[in-house]
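# Inside the fold
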Amino acid sequence: PAYLPGLAMALNNLGNRLSDLGRRDEALPPTQEAVDLYRDLAATNPAYLPSLANALKNLEVRFSELDDSTSGAEVWRGTLSRLDPQAGAVLLVYRSRKAQDGHSEAVVWLADALNEAGDAPGLMIVVRDEVRRHRRVNPDGFDQAWRAHTGAAIPPWAEVDADLLDCARTWLATSSFTDEHDHVAAH
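The numbering scheme is per chain: residues are counted from 1 as the chain's sequence reads. With the structure being a predicted model, the display of local features is reserved for residues of pLDDT at least 70 and the display and counting of side-chain atom pairs for 80 or more, all residues being used for whole-chain, interface and lining totals. Think of the side-chain values as coming from all heavy atoms in the structure, minus any hydrogens and water.

Turning our attention to the overall build of the protein chain. Elements are defined by DSSP. Helices are runs of H or I of four residues or more, strands are runs of E of two residues or more, and each kind is numbered from the N terminus. Regarding its fold elements, the protein chain presents 10 helices and zero strands. In sequence order, the protein chain lays out its α and β elements as α-α-α-α-α-α-α-α-α-α. When accessible area is computed with a 1.4 Å probe and restricted to protein chains, residues below 20% of their type maximum are described as buried, those above 50% as exposed, and intermediate ones as partly exposed. Looking at the protein chain residue by residue over its 187 residues, the buried ones come to 39%. Note on definitions: a residue-residue contact is assigned when non-hydrogen atoms from the two residues lie within 4.5 Å. Of the contacts made within the protein chain by residues no fewer than 6 positions apart, 55% connect residues no fewer than 24 positions apart. Accessible areas in this description were obtained via Shrake-Rupley with a 1.4 Å probe; residue shielding takes into account the shown protein chains only. Accessible area for the protein chain stands at about 10400 Å²; split by element, carbon and sulfur atoms hold 53% of it.

In structure tokens:
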């Protein structure tokens, strides 16, 4: 039904407001229901994946507020297991984007997202950029965690300097030879 996206958003917002008021026990059920609704919506329409990721993050916070971080992680795992691999990769990217740079679990999320992304070039670019963002904080720690999770060394593309990559992307996006020349000369 057409009202489900609005209901899911309202429930997610209700959970947030109840939490803001310190009513943490009451905040959990509407947030869980929002996740359930968004999960169903995203299963048939990937446009709901960002909303699902947001609701999952909120549910993870609700569980954390109740000193139950295990349940939040379980909900993420359960949701990922129900989606196709590329949709799961998208959710993992959203999860890493909401995390602080260098978050310890981002290595796992991003390695799994990379594995699930398949041959979707746009998704691969986003995953790789997130890997670089999180790795920048503590390259040695990130590389060790990557090896522990994947059994392989960090891929060479992960070591490319993000500023250099941004400079190259800007150069490639120039619209004329003159702009291209000026960009290269300036950098």
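Right, picking up where we left off after that structure.
The next subject is a nonpolar patch on the surface. Together, Trp171, Leu172 and Val184 make up a nonpolar patch on the protein surface, roughly 300 Å² of accessible area in all. Within the secondary structure layout, Trp171 lies in helix α9 (residues 162-172). Two distance rules govern patches: like charges are joined within 9 Å, and nonpolar side chains (Val, Leu, Ile, Met, Phe, Trp, Tyr) within 5 Å, applied only to residues with over 30% relative accessible area and no salt bridge. By convention in these notes, a salt bridge is any Lys or Arg side-chain nitrogen within 4 Å of a carboxyl oxygen on Asp or Glu.

Here we take up the pattern of salt bridges. Across all of its chains, the model carries 14 salt bridges by this definition. Across the pair Arg135 and Glu159 runs a salt bridge whose closest N-O atoms are separated by 3.8 Å. Of this pair, Arg135 sits in helix α7 (residues 121-135) while Glu159 sits in the loop between α8 (139-150) and α9, and the two are 24 residues apart along the sequence. Among the residues examined, Arg135 registers a relative accessible area of 12% and is labelled buried. Classification of Glu159 as partly exposed rests on a relative accessible area of 49%. Connected through salt bridges with shared partners, the residues Arg97, Asp101, Glu130 and Arg133 form a single ionic network.

Taking 1.5 Å per residue as the helical rise, α8 with its 12 residues ought to reach 16 Å, and the 16 Å between its terminal C-alpha atoms agrees with that figure. Where α8 is concerned, the buried positions are Phe142, Asp143 and Trp146. The buried residues of α8 occupy an angular sector of 100° when projected down its axis, which confines them to one face. With respect to the buried face of α8, the exposed residues turned more than 90 degrees away are Asp140, Gln144 and Ala148. Buried residues in α8 make contact with α6 (106-116) and α7. Looking one or two residues beyond α8, the residue adopting positive phi is Gly151, at roughly 80°. By definition here, a helix of n residues has an expected span of 1.5 Å times n minus one. Directions pointing from the helix axis toward each C-beta atom define the arc.

Comment: axis = line fitted to C-alpha atoms, over the contacting stretch for helices; angle = value between 0 and 180 degrees taken between N-to-C directions. At their nearest, the axes of helix α3 (residues 49-65) and helix α4 (residues 69-82) sit 7 Å apart, and the two run at 155° to each other. Regarding the angle of α3 to α4, the classification is roughly antiparallel. α4 is crossed by α3, and the crossing has right-handed handedness. Contacts between α3 and α4 involve Leu52, Ala53, Leu56, Lys57, Leu59, Glu60 and Phe63 from the former and Ser69, Ser71, Gly72, Val75, Trp76 and Thr79 from the latter. In this count, Pro and Cys sit with the nonpolar residues alongside Ala, Val, Leu, Ile, Met, Phe, Trp and Tyr, while Asp, Glu, Lys and Arg are called charged and the others, Gly among them, polar. For the contact of α3 with α4, the residue count by class is seven nonpolar, four polar and two charged. Oblique is the label for every angle not falling under 35 degrees (roughly parallel), over 145 degrees (roughly antiparallel), or within 65 to 115 degrees (roughly perpendicular). Should the near helix be turned anticlockwise from the far one by less than a right angle, the crossing is left-handed, and should it be turned clockwise, the crossing is right-handed.

Aromatic pairs are defined between Phe, Tyr and Trp rings, using the six-membered ring for Trp, whenever the two ring centres lie within 6.5 Å; interplanar angles under 30 degrees are classed as stacked, those over 60 as edge-to-face, and all others as tilted. Considering all chains together, one arrives at one aromatic pair under this definition. Each ring, one from Phe142 and one from Trp146, has its centre 6.1 Å from the other, and the planes form 25°; the classification is stacked. Of the two residues, Phe142 and Trp146 are both situated in helix α8; the distance of four residues between them amounts to about one turn of the helix.

Remember, this is a structural readout, not a statement about activity or role.
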